[in-house]
Amino acid sequence: MSTGPYRLAVFDFDGTLADSFPWFADVINDVADRYRFARIAPHETETLRGLDAAGIVRHLGIVPWKLPFISRHMHRLAARDIHRISLFPGVPAMLADLDAAGVPLAIVSSNTRANIEAVLGPEAHRFRHFACGASLFGKGKRLSALIREAGFAPETVLYVGDEIRDHDAARSVGCAFAAVAWGYTHVEALRATGPALVLSEPGALAAAIAPPRSTPAGESPSASRGKTP
Ligand SMILES: O=C(O)COP(=O)(O)O
């Protein structure tokens, strides 16, 4: 497994940059009724957060051919409710730190580019590459194409995500995986995949992969952010 240094940081979106789980939990049972799969009882949430995507699909009794339709419907609902979804606290500062350290940033997600850009708002300009709309199990292909088009060797790339399918995508292309502890999947389930990094909070990423910026003595990088020169 690659241990860095990393030349490109690629992010998953939902559960990694965007705090969309409360919205997801709110709409999923209406979607279940519409597409005739099992509703999620409150006590089941913790079980589901320990499973990979295939396990969730099985647990809910979703027939695989319905997945693209369910996914498209969810993305339309997300577009309708986009004002209810925001970035996790600490994400804008993390992106600014990586940007300032000269680490190029990218996104590989199953969500739509329009939803992603709406939630990113002014942070969208920090990303040089996007591969959006990946199917539930199709992230590996998108990640591979993005890395190739961006001109990096896979072993110099870090994919940052919150689901086991993010780990699977990274492994399939030969890049390293950083698991975040604040997303949809329980961090212990992610830890079991053997990630290169486990991040307890967004601020930990720049510290782990980017060399510290030279700042005036006694001043932290975050304290200097936003000051005019
Ligand atoms: O919107 C989805 O389908 C999930 O999006 P993600 O790939 O960014 O986790």
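Thresholds applied
- Residues numbered from 1 in each chain as written.
- Predicted model: local features only at pLDDT ≥ 70, side-chain atom pairs only at ≥ 80, totals over all residues.
- Heavy atoms only, no water.
- Core = buried A, V, L, I, M, F, W, Y, C linked by side-chain atoms within 4.5 Å.
- Buried < 20%, exposed > 50% of the residue type's maximum accessible area, 1.4 Å probe, protein only.
- Helix = DSSP H or I, 4+ residues; strand = E, 2+ residues; numbered from the N terminus.
- Domains from an automatic or database assignment.
- Contact = heavy atoms within 4.5 Å.
- Pairing = 2+ DSSP bridges.
- Axes fitted to C-alpha atoms, helices over the stretch in contact; angles between N-to-C directions.
- Near = heavy atom within 4 Å.
- Polar contact = N/O pair within 3.5 Å; in protein donor to acceptor, adjacent residues only side chain to side chain.
- Nonpolar A, V, L, I, M, F, W, Y, C, P; charged D, E, K, R; others polar.
- Phe/Tyr/Trp six-rings, centres within 6.5 Å; stacked < 30°, edge-to-face > 60°.
- Patch = residues over 30% accessible without salt bridge, like charges linked within 9 Å, V, L, I, M, F, W, Y side chains within 5 Å.
- Areas by Shrake-Rupley, 256 points an atom, 1.4 Å probe, with all protein chains shown as cover.
- Salt bridge = Lys/Arg side-chain N within 4 Å of Asp/Glu carboxyl O.
- Right-handed = clockwise from strand over helix to strand, strands pointing away.

Which parts of the structure should I look at to understand the nonpolar core?
As a rule of thumb, nonpolar side chains are buried together in soluble globular proteins. Core analysis: the biggest nonpolar cluster contains 51 residues, and Phe11, Leu17 and Leu98 have the highest contact counts within it. Sort the elements by how many residues they give to this core and helix H1 (residues 21-35) lands first, with 6 residues. Counting contributing residues per domain, this core is built from domain 1 (8-18 + 86-210) and domain 2 (21-84), each supplying no fewer than three. Setting aside residues no more than four positions away along its own chain, Leu98 makes contact with Phe11, Val103, Leu105, Leu205, Ala206, Ile209 and Ala210. Ile147, Val157, Ala169 and Ala189 belong to the second largest nonpolar core, which has 20 residues in total.

Mind showing me how you'd approach the sheet that holds strand E2 (residues 105-108) here?
Neighbouring strands of a sheet are bound in pairs by backbone hydrogen bonds; such pairs are parallel or else antiparallel. Spatially, the 6 strands line up as an open sheet ordered E3-E2-E1-E4-E5-E6, and their pairing is parallel. One side of each edge strand has no neighbouring strand; the edge strands of this open sheet are strand E3 (127-131) and strand E6 (197-199). Within this sheet the neighbouring strands show an average axis-to-axis angle of 25°, counted without direction. Taken together, the 4 bridges between strand E1 (residues 8-11) and strand E4 (residues 157-161) define a ladder with parallel strand orientation. Across the sheet, Phe11 pairs through a bridge with Val160, a residue of E4. Packing of helix H7 (residues 139-150) onto the sheet brings it into contact with E1, E2, E3 and E4, and relative to E2 it is tilted by some 155°.

What's the story with the site of the ligand in this structure? I'm lost.
Around the ligand, the neighbouring residues are Asp12, Phe13, Asp14, His75, Ser109, Ser110, Asn111, Lys139, Glu163 and Arg165. Between Lys139 and the ligand, the recorded distance is 2.7 Å, taken from a side-chain N or O atom to an oxygen atom. Its residues assigned to classes, the shell around the ligand comprises 1 nonpolar, 4 polar and 5 charged.

How do you make sense of the packing of aromatic side chains when you look at a structure like this?
What describes a pair of aromatic rings is the distance from one ring centre to the other and the angle between the planes of the rings. The full count for this structure, using the stated rule, is 7 aromatic pairs. Measuring from centroid to centroid gives 6.4 Å for Phe88 and Trp182, while their planes differ by 65°, and the two rings are edge-to-face. With Phe88 in the loop between helix H4 (67-80) and helix H5 (91-100) and Trp182 in the loop between strand E5 (176-180) and helix H9 (187-191), this pair connects stretches of sequence that are 94 residues apart. The class of Phe88 is buried, set by a relative accessible area of 10%. Connected via pairs of aromatic rings, a cluster forms that spans Phe11, Phe127 and Phe130.

Could you clarify how one ought to interpret a nonpolar patch on the surface in this entry?
A surface patch of nonpolar side chains, amounting to about 320 Å² of accessible area, comprises Val63, Trp65 and Phe69. Mapped onto the elements of the fold, Trp65 is located in the loop between helix H3 (53-59) and H4.

What is the right way to read the pairing of E3 from this model?
Regular strands have side chains that alternate between both faces of the sheet. Both E2 and E3 contribute to a ladder of 4 bridges, which runs parallel. Among the inter-strand pairings, Ile107 is bridged to a residue of E3, identified as Phe130. After leaving E2, the chain enters helix H6 (residues 113-120) and then returns to the sheet as E3, a path that is right-handed.

Just distances and angles here, no functional claims.
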